[in-house]
Amino acid sequence: MRKPPRRLDDANVIEWIALQKSNTETGKTTMHHDGKFIGKPKAFAICQYEEDPANFLVFYCNEEWQVLAAAGYESIQLAKNQVEKGFSNTLSNWLPYV
């Protein structure tokens, strides 16, 4: 999977991860958007809006980097921990956006 564009939903991408076979769903979290269950995403991106630097968003994305859903956190580490709660073996696989 290619890396994401520099910006998703007008937010800057800070770090990203494309899920691999080793990143199995734990069943400990679910994501819904507009009342609909969001199935397994293909990738995640930790992003930040310039006008809201105190918050970090995890974007749940498909293979084309379309944002399916989002959740906000107070730090990058909290965001990564939440993704790890839902998908095993992700903590060490995040890539910085360069």
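Attention in this report is confined to the structure presented alongside it. (Residues numbered from 1 in each chain as written. Predicted model: local features only at pLDDT ≥ 70, side-chain atom pairs only at ≥ 80, totals over all residues. Heavy atoms only, no water.)

**Quick notes on the overall build of the protein**
Thinking step 1. Helix and strand counts for the protein stand at 1 helix and 8 strands.
Thinking step 2. The secondary structure elements of the protein, listed N-terminal to C-terminal, are β-β-β-β-β-β-β-α-β.
Thinking step 3. A principal-axis box enclosing the C-alpha atoms of the protein has dimensions of 35 × 30 × 25 Å.
Thinking step 4. For the protein, buried positions account for 42% of its 98 residues. (Helix = DSSP H or I, 4+ residues; strand = E, 2+ residues; numbered from the N terminus. Buried < 20%, exposed > 50% of the residue type's maximum accessible area, 1.4 Å probe, protein only.)

**A few points about empty space enclosed by the protein**
Thinking step 1. Tallied over the entire structure, the rule returns 1 cavity of 30 Å³ or more.
Thinking step 2. Put simply, the largest cavity is a space of about 130 Å³.
Thinking step 3. Along the walls of the largest cavity sit 15 residues, with Glu 25, Thr 29, Thr 30, Met 31 and Phe 87 positioned nearest its centre. (1 Å grid on protein atoms, 1.4 Å probe; cavity = no way out; pocket = protein on both sides within 12 Å on 5 of 7 lines; lining within 4 Å. Points joined across faces, edges and corners; volume = space filled by probe spheres on them.)

**With respect to the environment of Asn 62**
Thinking step 1. For Asn 62, the location among the structural elements is in the loop between strand E6 (56-61) and strand E7 (67-73).
Thinking step 2. By relative accessible area, Asn 62 is classed as buried at 13%.
Thinking step 3. Between the C-alpha atoms of Asn 62 and Lys 42, which are 20 residues apart in sequence, the distance is 5.0 Å.
Thinking step 4. Residues in contact with Asn 62, not counting those within four places in the same chain, are Met 1, Lys 42 and Leu 68.
Thinking step 5. In this structure the side chain of Asn 62 is engaged in a polar contact, spanning 2.9 Å, whose partner is the backbone nitrogen of Glu 64.
Thinking step 6. One polar contact links Asn 62 to Gln 66, side chain to side chain, over a distance of 2.6 Å. (Contact = heavy atoms within 4.5 Å. Polar contact = N/O pair within 3.5 Å; in protein donor to acceptor, adjacent residues only side chain to side chain.)

**Looking at the pairing of strand E2 (residues 11-18)**
Thinking step 1. Taken across its 8 residues, E2 has 7 buried, putting it largely inside the fold.
Thinking step 2. As paired elements, strand E1 (residues 7-8) and E2 share 2 bridges and run antiparallel to each other. What sits directly across from Leu 8, in E2, is Ala 11.
Thinking step 3. Examined bridge by bridge, E2 and strand E5 (residues 43-48) share 6 bridges and lie antiparallel to one another. Along E5, the bridge assignment pairs Glu 15 with Ile 46.
Thinking step 4. In the sheet, E2 pairs with strand E8 (residues 95-96) via 2 bridges, with the strands oriented antiparallel. Within E8, the position partnered with Glu 15 by the bridge is Pro 96. (Pairing = 2+ DSSP bridges.)

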